[in-house]
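Chain by chain, the residues run as shown.
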Amino acid sequence: MSLVNDGWIKTTCAYCGVGCGVEARPKLTGELEIRGDQSHPSNYGKLCTKGIALGDTIIHDGRILAPTKKSQTGDQQTDDEELNWENATQMVAEQFTQAIERYGPDSVAFYVSGQLLTEDYYVANKLIKGFIGTSNIDSNSRLCMASSVVGHKRAFGSDSVPVCYEDLEHAEMIVMVGSNLAWCHPVLFQRLRSAKQNNPELKIVVIDPRETESCTIADYHLALKSGSDVALFNGLLSFLSRHNYLDQDFIQSHTNQLEKALTAAESDSDLLEAATGLTQSELMRFFKDFSTTSNVVTVYSQGVNQSSIGSDKVNSILNCHLASGKIGQVGSGPFSVTGQPNAMGGREVGALANTLASHMEFDNPEHHALISNFWQTENLATKPGLKAVDLFDAMAEGKIKAVWIMATNPMVSLPDSAKIKKALKTCPFVVVSDCIADTETTRMADLVLPAQGWSEKSGTLTNSERRISRQRRIMPSPGMAKPDWWIISQVACKMGYRDAFTYRHEGEIFREYAELSTQGNRNGERDFTLIGLTQLDEQGYSQLVPQQWPVTQVQKEVINQRLFSDGHFYTPDNKANFVPVRHQPPKTTCDSRYPLLLNTGRTRDQWHTMSRTGLSARLGEHKSEPYVQIHPKTAKEHSVQRNQMIKLHNAHGECLARAEITEQIQPNQLFMPIHWNNATAKNSKPCNLIAPHTDNHSGQPEFKHSPVALTVCKHQSRASFASRTVMNFNSLDYWARQKIAEGYLYHIESTLNAYELASYLKSQLKHNVDRVVSHESSEDEALYRFITFVEDKVMQAIHVQSIQGVHPINELSNILTARFSAESESEILAVL
Ligand SMILES: Nc1nc2c(c(=O)[nH]1)N[C@H]1C(S)=C(S)[C@@H](COP(=O)(O)OP(=O)(O)OC[C@H]3O[C@@H](n4cnc5c(=O)[nH]c(N)nc54)[C@H](O)[C@@H]3O)O[C@H]1N2
Ligand SMILES: Nc1nc2c(c(=O)[nH]1)N[C@H]1C(S)=C(S)[C@@H](COP(=O)(O)OP(=O)(O)OC[C@H]3O[C@@H](n4cnc5c(=O)[nH]c(N)nc54)[C@H](O)[C@@H]3O)O[C@H]1N2
Ligand code: SF4
Ligand SMILES: [Mo]
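Residues numbered from 1 in each chain as written. Chains lettered and ligands numbered in written order. Predicted model: local features only at pLDDT ≥ 70, side-chain atom pairs only at ≥ 80, totals over all residues. Heavy atoms only, no water.

As recorded in an unreviewed UniProt entry, the protein chain goes by the name Nitrate reductase, listed as coming from Vibrio japonicus. Comment text from UniProt for the protein chain, heading Sequence similarities (unreviewed entry), reads "Belongs to the prokaryotic molybdopterin-containing oxidoreductase family. NasA/NapA/NarB subfamily." (UniProt positions renumbered as here; feature names shortened; annotations may be inferred.)

An account of the sheet that holds strand β27 (residues 717–723) is requested, with residue identities and associated values reported.
Strands sit in the order β28-β29-β27-β32-β31-β30 across an open sheet of six strands; the sheet is antiparallel. A strand with exactly one partner marks an edge of an open sheet, and here the two such strands are β28 (734–740) and β30 (771–776). Here the strands of the sheet are splayed against their neighbours by 15 degrees on average, with no regard to which way each runs. Alignment of strand β31 (residues 783–790) against strand β32 (residues 793–802), held across eight bridges, turns out to be antiparallel. Considered in β32, the bridge of Arg785 is made with His799. (Pairing = 2+ DSSP bridges. Helix = DSSP H or I, 4+ residues; strand = E, 2+ residues; numbered from the N terminus. Axes fitted to C-alpha atoms, helices over the stretch in contact; angles between N-to-C directions.)

An account of the side chain of His631 is requested, with residue identities and associated values reported.
Residue placement: His631 occurs in the loop between β22 (627–630) and α24 (632–637). Of the residues examined, His631 reaches a relative accessible area of 14% and is grouped as buried. Within the local environment of His631, its side chain forms a polar contact with the backbone nitrogen of Lys633, the two atoms lying 3.0 Å apart. Sequence-distant contacts of His631, that is, excluding residues within four places in its chain, are made with Ile661, Thr662, Glu663, Ile665, Gln666 and Pro667. (Buried < 20%, exposed > 50% of the residue type's maximum accessible area, 1.4 Å probe, protein only. Polar contact = N/O pair within 3.5 Å; in protein donor to acceptor, adjacent residues only side chain to side chain. Contact = heavy atoms within 4.5 Å.)

Residue-level account of the environment of Ala24, with values.
Structurally, Ala24 can be placed in strand β2 (residues 21–26). Under the relative-accessibility criterion, Ala24 is labelled buried at 0%. Measuring from C-alpha to C-alpha, the distance between Ala24 and Thr788 comes to 38 Å, with 764 residues separating the pair along the chain. Contacts of Ala24, omitting those with residues within four sequence positions, involve Gly7, Trp8, Ile9, Leu32, Glu33, Ile34 and Ile474.

An account of the side chain of His715 is requested, with residue identities and associated values reported.
Of note, His715 is situated in the loop between β26 (706–712) and β27. Separated by 2.7 Å, the side chains of His715 and Glu749 make a polar contact. Setting aside residues no more than four positions away along its own chain, His715 makes contact with Met645, Asp733, Tyr734, Glu749, Ser750, Thr751 and Ile803.

Lay out the state of the cysteines in plain terms, naming residues and giving numbers.
Evaluation of the coordinates by the stated rule reveals zero disulfides. Here Cys215 stays unpaired: no disulfide links it, and the sulfur of Cys184, its closest cysteine neighbor, is 13 Å away. (Disulfide = S-S within 2.5 Å.)

Account for the UniProt feature "domain: 4Fe-4S Mo/W bis-MGD-type" (unreviewed entry) in the protein chain, naming residues and giving values.
The positions UniProt marks with the feature "domain: 4Fe-4S Mo/W bis-MGD-type" (unreviewed entry) are residues 6–62. In this annotation, residues 6–62 is assigned 7% helix and 26% strand; the end-to-end C-alpha distance for the span is 31 Å.

Can you break down the nonpolar core residue by residue, with the values?
Proteins that are soluble and globular tend to have nonpolar side chains buried together. The biggest cluster of nonpolar side chains holds 109 residues, and the ones touching the most others in it are Phe96, Phe110, Ile207, Phe286, Trp404, Phe501 and Leu530. Here Phe286 is in contact with Met173, Val175, Val205, Ile207, Tyr220, Leu222, Leu232, Phe233 and Leu236, once residues within four sequence places are set aside. Ranked by size, the runner-up nonpolar core spans 46 residues in total, among them Leu47, Cys48, Val163 and Ile174. (Core = buried A, V, L, I, M, F, W, Y, C linked by side-chain atoms within 4.5 Å.)

So what's going on with the environment of Asp219? Which residues, and what values?
Structurally, Asp219 is set in the loop between β9 (203–207) and β10 (220–222). Judged by its relative accessible area of 36%, Asp219 falls in the partly exposed class. The spatial distance from the C-alpha of Asp219 to the C-alpha of Lys203 is 6.2 Å, given a sequence separation of 16 residues. Those residues in contact with Asp219 that sit more than four places away from it in its chain are Lys196, Leu202, Lys203, Ile204 and Arg285. Polar side-chain contacts of Asp219 include one of 2.9 Å to the side chain of Lys196. Among the polar contacts listed, one links the side chain of Asp219 to the backbone nitrogen of Ile204, at a separation of 2.6 Å.

Here it is in structure tokens:
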């Protein structure tokens, strides 16, 4: 049932690949109450900080309300023109059609996202591959899951995650490799923590160059050298073989090529300690624990995937699970956790440049015929298209004449931001579908289309354990926002493909998609099948409870299916492949010019480019500014003080962040979160510094390994500026914006002295305020305060001081926020 007691509606969280069930209830005031869905098998009622704060993010601040044509793009002011949907979709159809007529189908592209729902994703892929006839559609999943996809396909013959969440509770040992589960998949981490509490014998190991929050429940942490995972797992494979821990029965009956993989692993044995930087005793402890424990789950994520040898890292892990038979069993298996809410769905619908729909493949003529026939098209693309990084390279070279970007922000999230900017500037027609009006990518668009966001849109998505859940429409959408599938279908109709895109409801798309999964698959030829859902009527779709694929019949109760339990894989001879892999250093290394290694990733309470989590005041409190972790020794060598602003730079660009000095990071390494960007701060985007090196097999960028240099910013003054409305401080050296309950809090630093900065900020005060109360202390103290009022309401509160000033930064934020909520003028002035 979609509706439960008292108006609570069941839906699924908007964020990570855990895919937690959420119950939401709209209040008359327009707010949304949120609680965990007790009946959902992913989270059994639990939610993390981001999930709990979902209700904060449904506010309409900054939403794009109508299709908007921009006359100039990029840095300049735009002269925007609002269009109706008829004209907007006509414009997209015409621009794409013209480009195709003049330059051929490969001159156009879609760049899509794991944050689309399956129905959106399916329709986008159907239009471009099936009817436009090019495979130039790639997803931000390329930045995220591509190496795992390659690893799975090479080993299993299909892109399939074997385990279910329940296995975390049944395991005797959990290895987290390149995964900060505590912050990135928090509800899975909570399940793991409870499992450990219930069974203190459960061994937990973290393998990460950094000491992360995930280490808090670990028995031990292997702080390996960045990029050395293949050497480590090759060491483990050799150990399994040398000490008779191979599962010979499993290997004989269900695998191929062990010898080759072992030879490769043995060749790495001499460099094991040097490459990993781990001691013999650390290595032996891990190898023995893995070998002697029957049930092991290896959870891995971006520390594995986002590497120039990411696919090989994945196979080095899979090799060890296959060699020891730790796969397909309760409590055992390799577990690639997905990042985005529908990263898995995108892989299923085939919205990557090198796959066909529904786990079918380009190099299989039968698959090509099945899909062509099913879609009734003669145009189905015959070869793979450009992967994300290559796609933007081609765009920068002028080869892509029209691009449609949906639900992703490549100006922030693709490596080498300067090149991405050039690409979007070069492309003659850039359409962006987003919920938010001002992102770095919408700034580059010719046309921005308003998409429905979480709580407005409706459809399905698949989580890390292959479980399909419904997201449901709960709130009305603002302005003219529409579902992505609707927008794409309208354009498809106007491009002349009306017969194939007559969808009236997302449920119709889902049913078609379920039907496609059965084509040529009546005897289980492919593991991905939704045959049990092909007969869903509107009510069935509306009331669908979570279903884990393969779905052979509608699942009314929760089931937990593991794949490969019968040793049957999806290769031509149904045996799994060992893949021989060798350690290789990352594509760039540090040198005297760029002596520090920049690692990038996530922080607990922000999601990606902050377009949603940035709207929540409580989520802004955890980390309120871009920061960079640095070891005390490295900080000392570079004369960096705690909380000082530093500039990281290399040949690709530069970025600013506040130094967080911590022993959790190794000397000469840095870690910076990916969230802040030019829409929320000045010059704080790590992708400015990241070279577009990719894995040769998967095309996934090496986001975790960038040589950089560091300079301390010579700032003289600092200000906190709280405002009811968004401000523009781009002419200052540094600013970052934090959402607070009453408005926004700007953290500012400048090379001006405090007096000069105060004068500048004073000149920026709103003109339509009733009065300004200011306090300027003696020049020595260099302390300036202003408060502006409209009637008795504080509109802005500003505090400026010299950089070494009396008040620590965190304290200032509290003071300014307190001023906003104070009742009377005397009370307001008394704070501080
Ligand atoms: N709070 C929050 N949660 C999220 C997201 C978010 O934006 N915010 N995004 C979601 C998405 S899309 C994704 S993909 C996931 C990502 O989830 P994770 O992969 O867990 O997150 P990251 O922080 O990117 O990277 C994980 C760890 O890899 C480590 N690492 C770096 N280099 C290496 C290496 O060479 N070897 C090993 N073993 N480790 C290395 C890093 O130090 C880091 O701690 O998170 C999802 N969940
Ligand atoms: N340096 C570095 N860079 C990285 C990574 C890293 O670890 N380090 N990680 C990479 C990874 S794993 C990922 S997944 C990417 C994520 O990077 P992005 O995909 O670029 O990040 P988001 O901020 O999630 O962008 C989603 C956009 O879609 C909009 N949106 C949300 N819902 C909808 C919808 O329903 N429809 C439409 N049309 N729009 C919607 C949002 O407002 C937002 O602007 O970043 C990658 N980049
Ligand atoms: S763990 Fe992931 S899916 Fe669950 S509530 Fe948190 S962000 Fe949402
Ligand atoms: Mo991701």
